[in-house]
Amino acid sequence: MNKILEQALLYDFYGELLTAHQKEVYEQFVLDDLSLSEIAEDAGISRQGVHDLVRRCQKSLEGYEAKLHLVERFLSVKEKVNQIDAVLEEWEADKKNPEEIVKRIRKISDAIIEEL
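Caption draft 1: Just the environment of D52, in detail. With respect to the helices and strands, the residue D52 is situated in helix α4 (residues 47-68). In this structure D52 comes out as partly exposed when scored by relative accessible area, which is 32%. Put simply, D52 and K103 are 51 residues apart on the chain and 52 Å apart in space, counted from C-alpha to C-alpha.

Caption draft 2: Local environment of the nonpolar core. Counting residues in each nonpolar core, the largest one holds 17 residues, and the members touching the most others are V25, Y26, V50 and L61. At the level of secondary structure, the elements contributing two or more residues to this core comprise α1 (3-14), α2 (20-31), α3 (36-43) and α4. Counting residues per element, this core draws most heavily on α4, which supplies five residues. One finds V77, I84, I108 and I112 within the second-largest nonpolar core, a separate group that totals seven residues.

Caption draft 3: Region of interest: the packing of aromatic side chains. A full pass over the atoms with the stated rule returns four aromatic pairs. Relative to F74, the ring of F13 has its centre 5.5 Å away and its plane inclined at 55 degrees; by these criteria the two rings are tilted. Here F13, found in helix α1, pairs with F74, found in helix α5 (residues 70-94); they are 61 residues apart in sequence, far enough to count as distant. Residue classification places F74 among the partly exposed positions, given a relative accessible area of 36%. Aromatic rings pair up to connect F13, Y14, Y64 and F74 into one cluster.

Analysis parameters
Residues numbered from 1 in each chain as written. Predicted model: local features only at pLDDT ≥ 70, side-chain atom pairs only at ≥ 80, totals over all residues. Heavy atoms only, no water. Helix = DSSP H or I, 4+ residues; strand = E, 2+ residues; numbered from the N terminus. Buried < 20%, exposed > 50% of the residue type's maximum accessible area, 1.4 Å probe, protein only. Core = buried A, V, L, I, M, F, W, Y, C linked by side-chain atoms within 4.5 Å. Phe/Tyr/Trp six-rings, centres within 6.5 Å; stacked < 30°, edge-to-face > 60°.

Right under this line is the structure:
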């Protein structure tokens with residue numbers, strides 16, 4: 001997965017667990033794509049301080065994911081929903097064997113329920 005997308009997903013799921021200052025700096029670095037120097041100037045801290053803060057935030061977010069696996073589950077469920085969409089598109093193309101389509105969708109939906 002793209003590193004920036006991974007950081008954004010981790011922040012979406014666990015960002016509220018960071019302090020207000022951590023959130024502000026992390027958002028500026030990851031989401032707003034500001035440089036360490038720009039953030040340091042804005043926050044009134046050193047460039048190294050911003051770097052260390054971003055690294056600590058990243059480690060915290062990764063630690064939450066290692067324990068809770070919310071992003072992993074989200075991505076897995078999203079993939080299974082895409083599979084359901086593909087099965088339905090397949091069925092719409094030829095409208096054959098609706099019983100088989102229903103079985104395939106039930107199998108995928110059962111896998112989603114087991115993950116949750």
